[in-house]
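# Coordinate analysis (summary)
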Amino acid sequence: KILAERLGFYYYFAKAIDFGENNPYGIALISRYPILSAEVVFIPDPPVRKYDGYYETRVLLKTVIDVAGGLNVLVSHFGLNPDEQENAVQTVIPNLPENRCVFMGDLNMEPDNPILAPIMQRLYDTAQLFSSPKLSFPSDAPRMKIDYIFVSEDLKVESADIPEIVSSDHRPHLA
């Protein structure tokens, strides 16, 4: 909210969980253009936790942005464990519009992860435009690419980059 207001932009916050009594936590979208609609889709938690790692309820934010006749923009932050990631992919796929679609987020998986394959088959990974491989995490000494901007085939992406900027724990992914 603070960033959007300082920029004069629009925003939508999708709460996934509360930390403590009054601390909502989730994902957000900031847009230069008005957000026409927003829907929060909960990613199902695995009924049985198969791994010893940290688990957290996650969401998919589906929006329509008022630009060039409407642009579908979806954002998520996938869990750390493979069973969470499988549930996330299974939630995203049926929610992807066929056209005019951007899907982005920290997916906590590298591009060769087979769990990510259904998204890679359905959408264009803008990292294909990088002149050389680029990594996004951790930002101070990146060892992996786990952040993505995907687009439907009807959208033309002119450039993409992960600049060498340290402003958070991940480097930004631009397209």
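Above this text is the structure in question.
Before going into details, it helps to say that this report is about the structure given with it.

Thresholds applied
- Residues numbered from 1 in each chain as written.
- Predicted model: local features only at pLDDT ≥ 70, side-chain atom pairs only at ≥ 80, totals over all residues.
- Heavy atoms only, no water.
- Phe/Tyr/Trp six-rings, centres within 6.5 Å; stacked < 30°, edge-to-face > 60°.
- Helix = DSSP H or I, 4+ residues; strand = E, 2+ residues; numbered from the N terminus.
- Buried < 20%, exposed > 50% of the residue type's maximum accessible area, 1.4 Å probe, protein only.
- 1 Å grid on protein atoms, 1.4 Å probe; cavity = no way out; pocket = protein on both sides within 12 Å on 5 of 7 lines; lining within 4 Å.
- Points joined across faces, edges and corners; volume = space filled by probe spheres on them.
- Nonpolar A, V, L, I, M, F, W, Y, C, P; charged D, E, K, R; others polar.
- Contact = heavy atoms within 4.5 Å.

## Examining the packing of aromatic side chains
On inspection of all chains with the given rule, the structure shows 4 aromatic pairs. Ring geometry for Phe78 against Phe103: centres 6.2 Å apart, planes inclined by 35 degrees, an arrangement best described as tilted. Of this pair, Phe78 sits in the loop between β5 (71-77) and α2 (82-92) while Phe103 sits in strand β6 (residues 101-106), placing them 25 residues apart in sequence. For Phe78, a relative accessible area of 0% translates into the label buried. Of the residues examined, Phe103 reaches a relative accessible area of 0% and is grouped as buried. Among the aromatic side chains, those forming a connected cluster through ring pairs are Phe78, Phe103, Tyr148 and Phe150.

## A look at the layout of surface pockets
Estimates place the volume of the largest pocket at around 1,600 Å³. Around the largest pocket, the lining is made up of 45 residues, and of these Ala28, Leu29, Ile30, Met104 and His173 lie nearest the centre. Elements represented by at least two residues in the lining of the largest pocket include exactly α1 (2-7), β1 (10-19), β2 (23-31), β5, β6 and β8 (147-151). For the lining of the largest pocket, the element with the most residues is β2, which contributes 7 residues. The class makeup of the residues in the lining of the largest pocket is 26 nonpolar, 11 polar and 8 charged.

## Observations regarding α2
Of all the 11 residues making up α2, 8 are buried; the element is thus mostly covered by neighbouring parts of the structure. Among all positions in α2, only Asp83, Glu84, Gln85, Asn87, Ala88, Val89, Thr91 and Val92 are buried. Here the buried face of α2 lies against β3 (35-43), β4 (58-65), β6 and α3 (117-122).

Read these as geometric descriptors, not functional statements.
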